[in-house]
Amino acid sequence: MKKFVFAFFAVLALSLGCAFADEPAAQEAEDKTLKKDAAGNPIDLKTKDGLRIAYMGTFRIMAAPEEGGEEKVTDKIVSVFMVKADRDMTLWVNAQGGVDTKTNKFSCNDDWCHIAGNSNRQVEILEDIWMRVEFFHVLPLDKFSELPRIGRFFEFAFAEAGKEPCKLVYKKIRVQPWKVWKEVEKKVIAMEEDEEDIEDGQSGDAQKAEGA
């Protein structure tokens, strides 16, 4: 009887030990949102596959001026993310369209994604280096205002190629003017050149008022 009781408690202790040992691993297997904007959108997160993703904002694109002219507003907007991996990997991305607050639908541009300046949705990236990822959508000025309020973006997806993607849906986003992007771009360039990191003052702070 004593042997049976001892064996029972030994098995119970072993089971509890395994449960506690597995708990950190289970927690690490989840995507973690580190920071949100006022509308609850993730602007800084880590995925279970080792990607750090920072949303830098969505901006109305201005065309470069002709000689002697001025910049002109275009029908396109760009959503900018910075992505960093904890190891060398093939980054895969995807995006879909969305709707503004009046339920007007919009779609991706034909040349809809750039990773590190290359028009491609799948690119080899290096460990611990911030990479710029840009998604382009078309919001014609004759249908949308210059700086519309987006009711919902349908899915930005990031993943290591061949693995289940981290799917992000953004709501209540205010498209920001190009002059704001010019300021944000300074931080983006500093991150690309390894002179600044996301913890040094994530530029998503510019989006804090969007959900108001």
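Visitor: Requested: an account of the overall build of the protein chain, with residues and values cited.
Guide: What the protein chain contains, in helices and strands, is two helices and 12 strands. Element order for the protein chain, N to C, with α for helix and β for strand: α-β-β-β-β-β-β-β-β-β-β-β-β-α. Looking at the protein chain as a whole, 42% of its 212 residues qualify as buried. Contacts in the protein chain between residues at least 24 apart in sequence constitute 66% of all its contacts with a sequence separation of at least 6. Entry remark: accessible area of the protein chain is about 11,900 Å², with carbon and sulfur atoms responsible for 53%.

Visitor: With reference to specific residues and values, describe the packing of aromatic side chains.
Guide: Tallied over the full model, the rule gives 15 aromatic pairs. Measuring from centroid to centroid gives 5.2 Å for Y55 and F81, while their planes differ by 45°, and the two rings are tilted. On the criterion of sequence distance, the pair formed by Y55 in strand β3 (residues 51-63) and F81 in strand β4 (residues 72-85) is long-range, its members being 26 residues apart. Judged by centre distance (5.6 Å) and plane angle (90°), the rings of F106 and F153 are edge-to-face. With F106 in strand β7 (residues 105-115) and F153 in strand β11 (residues 149-160), this pair connects stretches of sequence that are 47 residues apart. Neither residue differs from the other here; F106 and F153 are each classed as buried.

Visitor: Tell me about the environment of I43, residues and numbers included.
Guide: Position of I43 among the secondary structure elements: in strand β2 (residues 42-46). Given the relative accessible area of 1%, I43 is considered buried. With 10 residues separating them along the chain, I43 and I53 place their C-alpha atoms 7.6 Å apart.

Visitor: Give me the environment of A29: which residues, what numbers.
Guide: Structurally, A29 can be placed in the loop between α1 (2-28) and β1 (32-36). Each C-alpha atom of the pair A29 and T47 lies 8.3 Å from the other, and the pair is 18 residues apart in sequence.

Visitor: Can you explain the pattern of salt bridges? Please cite residues and give values.
Guide: Inspection of the entire model under this criterion finds 11 salt bridges. R132 is paired through a salt bridge with E192; the nearest N and O atoms lie 3.0 Å apart. Here R132, found in strand β10 (residues 131-138), pairs with E192, found in helix α2 (residues 178-192); they are 60 residues apart in sequence, far enough to count as distant. Look at R132 and you get buried, because its relative accessible area is 13%. Given a relative accessible area of 30%, E192 falls into the partly exposed group.

Visitor: Tell me about the side chain of R60, residues and numbers included.
Guide: With respect to the secondary-structure elements, R60 resides in strand β3. Of the side chains with opposite charge, D75 lies nearest to the buried R60, which makes no salt bridge, at 5.0 Å. Engagement of the side chain of R60 in a polar contact is seen with the backbone oxygen of D75, the distance being 3.3 Å. A polar contact is formed between the side chain of R60 and the backbone oxygen of L139, at a distance of 2.9 Å.

Visitor: Just give me the short version of the confidence of the model for the protein chain, but keep the residues and values in it.
Guide: Confidence in the prediction of the protein chain, expressed as mean pLDDT, is 82, and 78% of residues score 70 or more. Across residues 200-212 the pLDDT falls below 50, and counting only partners more than four positions away or on other chains, this stretch makes 31 contacts in the model.

Visitor: Help me get a handle on the side chain of T90, residues and values and all.
Guide: Mapped onto the fold, T90 is located in strand β5 (residues 89-95). T90 gets classed as buried once you look at its relative accessible area, which sits at 17%. A distance of 2.5 Å separates the side chain of T90 from the side chain of E124, its partner in a polar contact. For T90, the residues in contact, after removing those within four places along its chain, are Q122, V123, E124, A159, E160 and A161.

Visitor: Describe unusual backbone geometry, listing the residues and the values that go with them.
Guide: The residue T103 is not glycine, and still its phi comes out positive at about 65°. Following the sequence through the fold, T103 ends up in the loop between β6 (98-100) and β7. Taking the relative accessible area as the measure of exposure, T103 reaches 60% and is therefore exposed. Residue K172 is not a glycine yet carries a positive backbone phi of 55°. Mapped onto the secondary structure, K172 falls in strand β12 (residues 166-174). For K172, a relative accessible area of 47% translates into the label partly exposed.

Here is what the cut-offs are and how they apply
Residues numbered from 1 in each chain as written. Predicted model: local features only at pLDDT ≥ 70, side-chain atom pairs only at ≥ 80, totals over all residues. Heavy atoms only, no water. Helix = DSSP H or I, 4+ residues; strand = E, 2+ residues; numbered from the N terminus. Buried < 20%, exposed > 50% of the residue type's maximum accessible area, 1.4 Å probe, protein only. Contact = heavy atoms within 4.5 Å. Areas by Shrake-Rupley, 256 points an atom, 1.4 Å probe, with all protein chains shown as cover. Phe/Tyr/Trp six-rings, centres within 6.5 Å; stacked < 30°, edge-to-face > 60°. Salt bridge = Lys/Arg side-chain N within 4 Å of Asp/Glu carboxyl O. Lys, Arg positive; Asp, Glu negative; His and termini not counted. Polar contact = N/O pair within 3.5 Å; in protein donor to acceptor, adjacent residues only side chain to side chain. pLDDT = per-residue confidence, 0-100.

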